[in-house]
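# Working through the structure, step by step
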Amino acid sequence: MHVYGLIGNPVGHSLSPPMHEAAYRELDMDARYVTFEPDTDAVARAVDGAAALGLDGLNVTIPFKRDVLDLVEPDDLAARIGAVNTIDFSTSPPRGYNTDAAGVRRAFAHHDVRISGADAVVVGAGGAGRAVAFTLAETCGTVHVANRTEERARSLAADVRSELPSATVTAGGLDTLADRVPAADLLVNATSVGMDKDETPVAAELLHADLAVLDAVYSPIETRLLREAAAAGATTLDGAWMLLFQGVVAFEHWTGRDAPVDAMNAALRSGLR
Ligand code: NAP
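Every chain is numbered on its own, with residues counted from 1 as its sequence reads. Predicted model: local features are reported for residues with pLDDT of at least 70 only, side-chain atom pairs are reported and counted for 80 or more only, and whole-chain, interface and lining totals are derived from all residues. As a rule here, side-chain values come from all non-hydrogen atoms in the structure, and water together with hydrogens is ignored.

## A closer look at the domain arrangement of the protein
Size of an interface, as often reported, equals the accessible area lost when the parts are brought together. Its domain assignment divides the protein into domain 1 (2-97 + 241-272) and domain 2 (102-237). For the domain bounds, the source is a domain assignment made automatically or taken from a database. Here the C-alpha centroids of domain 1 and domain 2 sit 25 Å apart. Should any heavy atoms of two residues lie within 4.5 Å, those residues are counted as being in contact. Facing 15 residues of domain 1, the contacting portion of domain 2 comprises 21 residues. Buried area is a sum: the accessible area each of two parts loses on coming together, probed at 1.4 Å, counted once for each and added. Counting each side, the surface lost to burial between domain 1 and domain 2 is near 1700 Å², with a carbon and sulfur contribution of 73%. Salt bridges are identified by distance alone: a Lys or Arg side-chain nitrogen within 4 Å of an Asp or Glu carboxyl oxygen. For the pair domain 1 and domain 2, the interface holds two salt bridges. For Arg80, the salt bridge goes to Glu138, with nearest N and O atoms at 2.6 Å. The definition of a polar contact used here is a pair of N or O atoms within 3.5 Å, where within protein one atom must be able to donate a hydrogen and the other to accept one, and adjacent residues in sequence count solely through side-chain atom pairs. Our count for the contact surface shared by domain 1 and domain 2 stands at four residue pairs in polar contact (both at pLDDT 80 or more). Strands here are runs of E lasting at least two residues and helices are runs of H or I lasting at least four, both read from the DSSP assignment and numbered beginning at the N terminus. Elements that contribute at least two residues to the side of domain 1 that touches domain 2 include exactly helix H3 (76-81), helix H9 (239-255) and helix H10 (261-272). Here the element with the most residues in the side of domain 1 that touches domain 2 is H9; it accounts for eight residues. Among the residues forming the side of domain 1 that touches domain 2, the class breakdown is 10 nonpolar, one polar and four charged. When residue character is reported, Ala, Val, Leu, Ile, Met, Phe, Trp, Tyr, Cys and Pro are called nonpolar, Asp, Glu, Lys and Arg charged, and the others, Gly included, polar.

Right, dumping it as structure tokens:
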């Protein structure tokens, strides 16, 4: 039997187990997906222990994504971002990937949204904003990072430029959205705004029909930003698509097989209802 899992603290409400186990059922795989909640100072022992026990793969979530970087051989994207959310134990040392980032590209591709050469605006400069900015900067024409704490946006943009010198990456406070969003092709909300209250980080009048909008927030599934973007005629992708495709890409790294996207999506969305 293959064993995959998730380490984080806390992991109690994770939707990864039903999403991955739906894939195992669909492909008739002898596999299980288990959650683990090590103490916050025990991640190195947890990863060593997982390797010693013969686990096949682990997803990694808050607060361990950065700590794990030093415990694995990260691929280029994970190394640039400085965070790993997927470990593949089939090699020694284990390989580390950032499928939050790769999943964003797959989510856009799944919706036939072309990101190559696009002008993108990323709102947020925390963990999700970092993954999104790095992955979009690889293919988009321009990336503008806007964040409530402007200095954090500037620092992220400088990190991206130093890793990807040919990328055009700018930064500013949330006030810069008024200039940037009307001319943008892509907009990603990577803040937590919209999660607890029916609020949006982007004023409705800035949204337009030529925009594709991805909201990383997945609870609620339909945020105010997505509602207002749809009303403006924009293409909308909810946060479950980002969550789904990070899982899809992880599954494909672990198994070398195409993931059963529809089965995983159905399991994820039934957990989000
Ligand atoms: P984080 O590292 O804590 O960053 C939080 C971000 O939100 C920062 O940019 C912060 O700005 C901003 N923010 C928080 N409250 C704000 C407010 N009231 N007004 C304006 N900006 C505000 O969190 P994270 O890990 O990046 O997660 C961000 C969101 O993405 C969460 O909702 C999370 O659930 C979601 N997420 C989704 C997926 C997915 O697969 N769908 C994956 C990862 C994360 P400051 O820097 O100014 O504090």
